[in-house]
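Residue-level structural notes
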Amino acid sequence: MAAGAPRVFVSHLSGISVFDPNGDQVGRVRDLVAMLRVGRRPPRLLGLVVELTTRRRIFLPMTRVTGIESGQVITTGVLNVRRFEQRPTERLVLGEMLDRRVSLVETGEEVTVLDVSVQQLPARRDWEIDRVFVRKGKAGTFRRKGETLTVDWGAVDGFSLEEHGQGAENLLATFEQLRPADLANVLHHLSPKRRAEVAAALDDDRLADVLEELPEDDQIEILGKLKEERAADVLEAMDPDDAADLLAELPEEDKERLLTLMQPADAADVRRLMAYEERTAGGLMTTEPIVLRPDATVADALARVRMEDLSPALAAQVYVCRPPDETPTGKYLGTVHFQRLLRDPPYTLVGSIIDDDLQPLAPGADLPTVAGFFAAYDMVAAPVVDEGGSLLGAVTVDDVLDHMLPDDWRETEFHLEEEATDHGGG
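Now for a look at the structure at hand. (Residues numbered from 1 in each chain as written. Predicted model: local features only at pLDDT ≥ 70, side-chain atom pairs only at ≥ 80, totals over all residues. Heavy atoms only, no water.)

**Some details on the sheet that holds strand β15 (residues 317-321)**
Heads up, the condition is: The pairing criterion is simple: DSSP has to find at least two bridges between the two strands. Going along the chain from the N terminus, every DSSP run of H or I of four or more residues is numbered as a helix, and every run of E of two or more is numbered as a strand.
Sheet architecture is open: 3 strands sit in the order β14-β15-β16, paired in mixed fashion. For this open sheet the edge positions go to β14 (291-292) and β16 (332-337), each flanked by a neighbour on one side alone. By the bridge criterion, 5 bridges tie β15 to β16 in an arrangement that is antiparallel. Within β16, the residue paired with cysteine 321 across the bridge is tyrosine 332.

Pasting the structure below:
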């Protein structure tokens, strides 16, 4: 369902077919997975529970859903076939929300939930449960003539997180709005037991973002306490360069076992990065920059730049290459900076406005050379190109800083922040 499309009621999704981009059916929708949030904020829709033709139930993230239309779901074609396991912070929409008794905030009257609707947020890949379809009347009376009405999510009470019970659910809800670096600080100061509970309850993408901000010892500890299949999922969700750095710290047999459990394409990216020395352009780069063909338009480039999951550094420029347009690419032609994209008409071909004056970095360039390049040309990201002229990836300024600072800089930062708090500092 594209941004701005009509909302979809979840009862209409139950049992519908799921297809890959080639039109082959891979399974059917059996439920939806949502995460409740603090207060009256609508829950975030995380993904679908899909039953494959083998009857195995798997989790399909909403980020891999490209369309919900005409009674079918279209995916990117990339499916993780590990069995679905519900986590403490997750709610099954069909299994746990429908037929629930809730109350209307305005009147306090009890109603029964008949359905809820989901909608994709404008210009983003996130989905939310936004409306609730309810029937008035006492529970168990089967009053089919009771008045029905559709209200906003915030207009009902009864779905909110309960305060009792074990687990990390309420703690996560409390810190939901924190940036990954701030949540990493919270985790760093928890006890090992509590840290493991919170990590187990975070969804894969959130845990991946937080791991990237933690000191090395905390990363290894958390990863080691996850089930191996879950650990592989989290590594897949991490930026390939961060995943490669983390895996490099593990014993060889653990590293190979996790790489084997990862999706082949993700594992291939990580293995490619691990082939380079850590403090070189090849070891620092990410394999997922924005790559466009020369016949793409400025409008195409801006659409890619707007993707929410891109870091500001990676969104600062696009790289123009001949096919294939995934790294390693065909011939690297040049870079188009974000400011140039804003100055030219949407129909302009990016191949006509490339900046090819700067020499790209070689994968073997050492850290001082890379840092000097960034300082000399005021860059926030730089292309890495091999001897054959193919784009291998891009180095971003945050990765350069990570490796130029002392190895324990994250530990030092966390402790300095704690001391400032203890002494009443800001």
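**Focus: the packing of aromatic side chains**
Selection rule: Geometry of aromatic contacts follows a simple scheme: Phe, Tyr and Trp rings, the Trp one being its six-membered ring, pair when their centres are within 6.5 Å, and the pair is stacked under 30 degrees between planes, edge-to-face over 60, tilted otherwise. Exposed residues in this analysis have more than 50% of their type's maximum accessible area, buried residues have under 20%, and partly exposed residues fall in between, with area computed by a 1.4 Å probe over protein chains only.
Overall, the coordinates contain 4 aromatic pairs when judged by the stated rule. Centre to centre, the rings of phenylalanine 59 and phenylalanine 84 are 6.2 Å apart; their planes meet at 25°, and the pair counts as stacked. Here phenylalanine 59, found in strand β5 (residues 57-61), pairs with phenylalanine 84, found in the loop between β7 (72-75) and β8 (90-92); they are 25 residues apart in sequence, far enough to count as distant. Given the relative accessible area of 27%, phenylalanine 59 is considered partly exposed. Exposure remark for phenylalanine 84: the relative accessible area of 18% places this residue in the buried category. An aromatic cluster is present here, built from Phe373, Phe374 and Tyr377 joined pairwise through their rings.

**Quick word on the nonpolar core**
For clarity, the threshold we go by: The definition of a nonpolar core used throughout is a set of buried Ala, Val, Leu, Ile, Met, Phe, Trp, Tyr and Cys residues joined through side-chain atoms within 4.5 Å. Contact criterion: two residues are considered in contact whenever any of their non-hydrogen atoms come within 4.5 Å of each other.
By size, the foremost hydrophobic cluster in this structure holds 46 residues, and its most contacted members are Leu207, Leu223, Leu235, Leu361, Val370, Phe374 and Val395. Counting residues per element, this core draws most heavily on helix α14 (residues 367-377), at 5 residues. Not counting chain neighbours up to four residues away, the residues in contact with phenylalanine 374 comprise Met379, Val380, Ala381, Ala382, Val395, Thr396, Val397 and Val400. The next biggest cluster of nonpolar side chains, apart from the first, holds 39 residues, and it includes Leu79, Met97, Val116 and Ile129.

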